[in-house]
Structure formats: C-alpha cells, structure tokens
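Chain by chain, the residues:
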Amino acid sequence: MDPLPFGLIAFRHAPVPLSGVCYGRLDVAAELSPDGAATAIARALGDLGLRPGVVWSSPLSRCALPAAELAARLGAPHAVDERLVEIAYGAWEGRTWSDIERDDPVAYAAWLDGWERAGPPGGESALEVEARVRSFWCALSPACGASPHLLVAHAGVLRALRVVACGASWIEAMSAPALHLTAERFPLPASAVSLA
C-alpha cells in the first residue's frame, strides 16, 4: 500500500495495571516495559514493511518511554507533543468509575448524557480533545520522503484521530475498540500529501 495516504501509523500504549480506574492524565506506568512495548511495535512495523521517519508521543511515560526506545532503535527523532496527552478527567482522575458514579451521580449522569460537549468537573470534553488533536494532525507534513510518522498514543487521542483524519463521528470513533500495541493507519492532511 502506498504509505502517503496513510502517513500516520498509531499504536496505543501497552495496558496499565489499573482496572476500573479513571486514570486519564495520571502518569501510570504500563504493565509491559518500554523495551517490551518498543519490541512489539517494531515487530508490527516490520510486518507492515514500514520504517517511520519520526516517532511522536505525549509526555506521559506509558507513551513517551517506549516511543523514545523505539526512536533510538530506528535512528529516528522522538518528538514529544503536549497536544497528544490523554483526555483530562479533572476531579475524577485516580478514582474508580464506580466511586465516581456513587459519589457524584449528578455530574456523572450529565457527563454520560453530553460527553461530546461537556467534560467531567475540571476536565475536557471530547470536542476539546478533538481540537488539540486536530491542531497536531493539521501541522503534520511528510516525515522523510515517503516515510510515515509513528505515534505511540492514548486511546482518547486515537479516537480523536478517527474523527479528524477519517471523518468518523464521535459515536463511531468510540464504538470501535482502541487495542493496545495494534497499528491504526491514518491519512496525512491533504496539504501534507500534496507537498510530497
């Protein structure tokens, strides 16, 4: 497949050792070591026949550490971008979803009803995540000739990319799982493709 229409290859970080916890922007370590996650991503890239020209990540360690390891192996730059951080859950960060529902039922119900436009207390809405991910995506240009960009990402960022790069609705973007250490391919913005 021609890499230019799919100039951004994204992998969700490895799983974290939390179950039922709202951890969004908490800097939680992944269950797999950075070396192990980088190896899994490198294997998948090899299977796809792709060699990225740049490796992007958020500053959170579950993305940044494997991205740095992978970039070093590939001899590619590692670029950290704050726009790629996971959705902010505000006052709910670090709490279990069951505790949030029990202790803050009005805000929780309001968020469930309007999560696209309203965030949790002190947090972000889906549209706010979309805006910052769109800003990142629109700034992309061909990394190195036909080499794709690689992103080690959070689930919220992957879903926002489905919206901004592929034209999915937020409902559609949320309905498909964001699998750990599995490639998702996204086109570059039209302006970037036209420069190649």
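Keep in mind the model is a prediction, meaning the values are calculated, not measured. (Residues numbered from 1 in each chain as written. Predicted model: local features only at pLDDT ≥ 70, side-chain atom pairs only at ≥ 80, totals over all residues. Heavy atoms only, no water.)

A. The overall build of the protein chain, seen in detail. Counting its regular elements, the protein chain contains eight helices and five strands. Traced from its N-terminal end to its C-terminal end, the protein chain shows the element sequence β-α-β-α-β-α-α-α-β-α-α-β-α. Against the compact-globule benchmark of 16 Å for 196 residues, the protein chain has a radius of gyration of 17 Å, which places it among compact chains. Seen through its principal axes, the protein chain has C-alpha atoms that stretch 50 × 35 × 25 Å. When each of the 196 residues of the protein chain is scored for burial, the buried share is 46%. For the protein chain, the proportion of contacts with a sequence separation of at least 24, taken over those separated by at least 6, is 70%. Of the side chains in the protein chain, 15 bear a positive and 21 a negative charge, and the two mean positions are spaced by 4 Å. (Helix = DSSP H or I, 4+ residues; strand = E, 2+ residues; numbered from the N terminus. Rg over C-alpha atoms; globule rule 2.2 N^0.38 Å. Buried < 20%, exposed > 50% of the residue type's maximum accessible area, 1.4 Å probe, protein only. Contact = heavy atoms within 4.5 Å. Lys, Arg positive; Asp, Glu negative; His and termini not counted. Charge placed at Lys NZ, Arg CZ, Asp CG, Glu CD.)

B. Geometry of the side chain of S57. Locating S57 in the fold gives a position in strand β2 (residues 54-57). In contact with S57, other than residues within four places in its own chain, are C63, A64, A67, H78, A79, V80, D81, L84, L151 and V152.

C. Expanded view of the packing of aromatic side chains. Overall, the coordinates contain 10 aromatic pairs when judged by the stated rule. When the centroid spacing of 6.4 Å and the interplanar angle of 75° are considered together, the rings of W92 and W97 count as edge-to-face. We classify W92 as buried; its relative accessible area is 0%. Judged by centre distance (6.5 Å) and plane angle (50°), the rings of W97 and Y108 are tilted. Here Y108 lies in helix α4 (residues 105-114) and W97 lies in helix α3 (residues 97-103), a separation of 11 residues in the sequence. In textbook terms, an aromatic cluster arises when at least three aromatic residues are bridged by ring pairs, as seen for Y89, W92, W97, Y108 and W111. (Phe/Tyr/Trp six-rings, centres within 6.5 Å; stacked < 30°, edge-to-face > 60°.)

D. Structural context of the pairing of strand β4 (residues 149-153). Most of β4 sits out of view: five of its five residues are buried. Taking every second residue as pointing to the same face, both faces of β4 are buried, with H149, L151 and A153 on one and L150 and V152 on the other. In the sheet, strand β1 (residues 8-12) pairs with β4 via five bridges, with the strands oriented parallel. Bridge pairing in β4 places A10 opposite L151. (Pairing = 2+ DSSP bridges.)

E. Looking closely at the nonpolar core. With 34 residues, the main nonpolar core has L8, W56, L151 and L161 as its most contacted residues. Going through the elements one at a time, β1, β2, α4, α5 (126-138), β4, α6 (155-166) and α7 (170-175) are the ones with two or more residues in this core. Of the residues forming this core, the biggest block, eight residues, is contributed by α6. Discounting chain neighbours no more than four positions away, the residues touching L161 are L8, V133, W137, L151, C166 and F186. In this structure, I9, F11, A38 and L45 belong to the second largest nonpolar core, which totals 19 residues. (Core = buried A, V, L, I, M, F, W, Y, C linked by side-chain atoms within 4.5 Å.)

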